[in-house]
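Residue-level structure breakdown
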Amino acid sequence: MTIERLTLAAAELADEVGVQNVTVAALARQFGVKDASLYFHLKNAHDLRVRIALLALAELADRVAAALAGRAGKDALVAFANAYRDYARAHPGRYAAMQIDLDPETAAASAGVRHAEMTRAILRGYRLAEPDQTDAVRMMHSTFHGFVSLERTGGFRHTPRPTDESWSRTLDALDAVLTNWPSR
């Protein structure tokens, strides 16, 4: 039993039952062992959830990097956004874990840094420099996270329009905003 194997099993459990329901006891049941035997590898449930978050950040960074290869401008924006959305849909528990507030040292060592670098690379294609890049990064993340979260919880069920069409239009609008970023 390794920490990597435990983390992957916990991530799979999070996708099934929700990250908030992942505990050391639940993971121990998965392996048919006593809780105490897992404390050799884990500090507590929070440590386990942080490990899921770090795994998810790395997995998503790998998917986004593959999607971005050779793309620029709107193509890069759409590829990034679609990789993000697809990951959140395929791995809802892992995606939720990525929202855990990491301490600064853990965050700095995580794949979250790669996400930021890739996002900023897209924004350089729109000719955005600081401090506009930071504002645009926050807008992009808010847009992606907001849409994905509302979609996941049924927030768009009140209308018959397919969410894929709204997603596409949202990305068109985001591209238009980035292309025509207001000057100071």
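Residues numbered from 1 in each chain as written. Predicted model: local features only at pLDDT ≥ 70, side-chain atom pairs only at ≥ 80, totals over all residues. Heavy atoms only, no water.

Attention now goes to helix α4 (residues 45-68). Its 24 residues place the ends of α4 34 Å apart at the C-alpha level, agreeing with the 34 Å of an ideal helix rising 1.5 Å per residue. Positive phi shows up at Gly70, right after α4, with a value of about 80°. (Helix = DSSP H or I, 4+ residues; strand = E, 2+ residues; numbered from the N terminus. Expected span 1.5 Å × (residues − 1).)

Another point: the side chain of Asp47. Its location among the elements puts Asp47 in helix α4. Not counting the four nearest positions on each side in its chain, Asp47 is found in contact with His41 and Leu42. (Contact = heavy atoms within 4.5 Å.)

Turning our attention to helix α5 (residues 73-90). With 18 residues, α5 extends 26 Å from end C-alpha to end C-alpha; this agrees with the ideal 26 Å at 1.5 Å per step. Considered for burial, the residues of α5 that qualify are Ala76, Leu77, Ala79, Phe80, Ala81, Ala83, Tyr84, Arg85, Tyr87 and Ala88. Buried residues in α5 make contact with α4, α6 (92-97), α8 (112-125), α9 (132-152) and α10 (163-179). (Buried < 20%, exposed > 50% of the residue type's maximum accessible area, 1.4 Å probe, protein only.)

Our next topic: the packing of α5 against α9. The N-to-C vectors of α5 and α9 enclose an angle of 35°; their axes lie 10 Å apart at closest approach. Relative to α9, the crossing made by α5 is right-handed. Facing α5, whose interface residues are Leu77, Phe80, Ala81, Tyr84, Arg85, Ala88 and Arg89, α9 presents Met140, His141, Phe144, His145, Phe147, Val148 and Glu151. Looking at the contact of α5 with α9 residue by residue, the class counts come to nine nonpolar, two polar and three charged. (Axes fitted to C-alpha atoms, helices over the stretch in contact; angles between N-to-C directions. Left-handed = near helix turned anticlockwise from the far one by under 90°. Nonpolar A, V, L, I, M, F, W, Y, C, P; charged D, E, K, R; others polar.)

As enumerated under the stated definition, the model contains 12 salt bridges in all. For Arg94, the salt bridge goes to Asp15, with nearest N and O atoms at 2.8 Å. Here Arg94 is found in helix α6, whereas its partner Asp15 is found in helix α1 (residues 3-17), with 79 residues between them in sequence. For Arg94, a relative accessible area of 5% puts it in the buried group. We note a salt bridge from Glu165 to Arg161, for which the minimum N-O separation is 2.8 Å. On the basis of relative accessibility, which here comes to 38%, the residue Glu165 falls in the partly exposed class. One salt-bridge network, in which partners are shared between bridges, spans Arg85, Arg89, Glu151 and Asp164. (Salt bridge = Lys/Arg side-chain N within 4 Å of Asp/Glu carboxyl O.)

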